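Understanding the architecture of this molecule
Here's the letter readout for the chains.
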Amino acid sequence: MKLYAPSTIKQIKEQYDFKLSKSLGQNFLTDKNIIDKIIEDSFIGEDDLVIEIGPGIGVLTAAAAEVAGKVIAIEIDRNLIPILKDTLTEYDNIEILNQDILKTDLNQIIESNTEIDGRKTKSVRIIGNLPYYITTPIIMKILEEGVKADSITIMMQKEVADRIKAEAGKKAYGALSVAVQYYCSVASVANVPKEVFVPQPKVDSSVIRLDIRKDKPVELFDERVFFECVRAGFGQRRKTMLNSLSGVCGLSKEAIAQVMQSIHIDSMRRAETMNIEEFALLANEIYNYQRG
Ligand code: SAM
């Protein structure tokens, strides 16, 4: 059965009386080349554990199971569980969990799968064609919880992928770019037109791969101060750093001006011109200032 064929989706809907849920972001992928590209660029090996977010009817799940040691697919929609059991019946290396990804302890899953068929698990690869309504919460959950995965290859709205990839000075650059780039190096995998989904979404998509860094790009005295500066800086994009940051970590406007002068960063600059290194320098100086 060609799982990716639009006719298969139609047949499944009829056979199981399955209704696609718009609110769960169910736009199923129907392009074999894109499926192959996602799997290829995830660099999945035979001793790898794959965790898939939102398998739908299992197009990516089946393709991943062909190359991985084991695939664990996490799907929130209980109506899809009996369907997945049927569509993936030929694979004995797939486990399906009927859970909300945002409430799933991924590290616990990883710790329970340190061996696959008696062999040590080599890498943990997260993949998924994400439900677009919770793309950012899913990514930030994985990164902030320090999930012990090696890479995350995910499809999302193109506009969100552009924000994640953006460099300082670009229009799309913002708090999301800084946060994701702090934890990961970002690689483009594919641009995907909206026509290859059933039903067709309103916007185009992109696939990116996030390779989780073993070593962070900057040294931080306190991550919380760094993220507070980033959040405050981009909170009101039109404001200068001096105005946006006043109040951060309880520091007055005068104190922020003094800190910025001491590290030679013009306090009239706006957050979108500040790269990660500059945010780190600023956060570390604020941290030192606070300690006296
Ligand atoms: N992987 C399939 C594909 O490419 O055709 C389906 C992708 S569809 C864009 C997103 C999938 O995520 C749907 O199957 C949806 O039910 C599921 N989903 C939505 N919210 C979820 C959540 N919080 N946890 C787990 N799965 C979720």
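Since we're looking at a predicted model, the values are computed, not measured. (Residues numbered from 1 in each chain as written. Predicted model: local features only at pLDDT ≥ 70, side-chain atom pairs only at ≥ 80, totals over all residues. Heavy atoms only, no water.)

Looking at the site of the ligand
We count it as follows: Here a residue is near a molecule or strand as soon as one of its heavy atoms is found within 4 Å of it. A 1.4 Å probe and the Shrake-Rupley method give the accessible areas. Residues count as covered only by the protein chains that appear here. The distinction between a cavity and a pocket rests on a 1 Å grid over the protein atoms alone: a 1.4 Å probe fits inside a cavity but cannot get out, while a pocket stays open yet meets protein on both sides within 12 Å along at least five of seven lines, and a residue with an atom within 4 Å of a point counts as lining. Criterion for pocket placement: a molecule counts as inside a cavity or pocket if more than half of its atoms are within 2 Å of its grid points. Note that Gly is not counted as nonpolar here; it falls among the polar residues with everything else outside the nonpolar set of Ala, Val, Leu, Ile, Met, Phe, Trp, Tyr, Cys and Pro and the charged set of Asp, Glu, Lys and Arg.
Lining the immediate surroundings of the ligand are 24 residues, of which Leu 29, Gly 54, Glu 75, Asp 100 and Asn 129 lie closest. Taken by itself the ligand offers 590 Å² of open surface, and the protein chains cover 99% of this. Here the ligand occupies the largest pocket. For the shell around the ligand, the residue count by class is 13 nonpolar, seven polar and four charged.

Quick look at the UniProt feature "domain: Ribosomal RNA adenine methylase transferase N-terminal" (unreviewed entry) in the chain
Rules: UniProt positions are given in the numbering used here, feature names are shortened, and annotations may be inferred rather than shown by experiment. Comment: elements are numbered from the N terminus, with helices defined as DSSP H or I runs of at least four residues and strands as E runs of at least two.
If you check UniProt for "domain: Ribosomal RNA adenine methylase transferase N-terminal" (unreviewed entry), the listed places come out as residues 34-214 in our numbering. Taken end to end, residues 34-214 is 31% helix and 28% strand, and its first and last C-alpha atoms sit 29 Å apart.

A look at the nonpolar core
Which entries qualify depends on this criterion: We call a set of buried residues a nonpolar core when its members are Ala, Val, Leu, Ile, Met, Phe, Trp, Tyr or Cys and they connect through side-chain atoms within 4.5 Å of each other. When accessible area is computed with a 1.4 Å probe and restricted to protein chains, residues below 20% of their type maximum are described as buried, those above 50% as exposed, and intermediate ones as partly exposed. Reported domain spans reflect what an automatic or database domain assignment gives. Note on definitions: a residue-residue contact is assigned when non-hydrogen atoms from the two residues lie within 4.5 Å.
Core analysis: the biggest nonpolar cluster contains 69 residues, and Phe 226, Phe 279 and Ile 286 have the highest contact counts within it. Here this core gets seven residues from one element, more than from any other, and that element is helix H12 (residues 276-291). Residue assignment places this core across two domains, with domain 1 (6-212) and domain 2 (223-290) each supplying three or more. Apart from the residues lying within four places of it in its own chain, the contact partners of Phe 226 are Val 178, Tyr 182, Leu 220, Ile 276, Phe 279, Ala 280 and Ala 283. Counting 37 residues, the second-largest nonpolar core is a separate cluster that includes Val 59, Ile 81, Val 196 and Phe 197.

Thoughts on the layout of surface pockets
What counts is decided by this rule: Grid points are joined across faces, edges and corners, and a volume is the space filled by probe spheres set on the points.
Approximately 650 Å³ is the volume attributed to the largest pocket. Residue lining of the largest pocket: 37 residues in total, with Leu 24, Gly 25, Gln 26, Asn 27 and Pro 131 positioned closest to the centre. Of the residues belonging to the lining of the largest pocket, the class tally is 21 nonpolar, 11 polar and five charged. Estimates place the volume of the second largest pocket at around 330 Å³. Met 1, Lys 2, Leu 3, Ala 62 and Tyr 91 are the residues nearest the centre of the second largest pocket, which is lined by 17 residues in total. When residues of the lining of the second largest pocket are traced back to their parent elements, those giving at least two are helix H2 (32-40), helix H3 (59-67) and helix H4 (81-87). Tallying contributions element by element places H3 first for the lining of the second largest pocket, with four residues. Here the lining of the second largest pocket is built from residues that sort into nine nonpolar, two polar and six charged.

Considering the pairing of strand E7 (residues 124-129)
The following threshold applies: A pair of strands counts as paired when DSSP detects no fewer than two bridges linking them. Here the term right-handed applies to a crossover when the path leading from its first strand over the helix to its second strand runs clockwise, the strands being oriented away from the viewer.
With six of six residues buried, E7 lies mostly within the body of the structure. Burial along E7 is two-sided: the face carrying Val 124, Ile 126 and Gly 128 and the face carrying Arg 125, Ile 127 and Asn 129 are both buried. Summarising the sheet, strand E2 (residues 49-53) and E7 pair through five bridges and their orientation is parallel. Note on E7: the bridge partner recorded for Glu 52 is Ile 127. Taken together, E7, helix H6 (residues 135-144) and strand E8 (residues 151-157) constitute a β-α-β crossover, and its handedness is right-handed.

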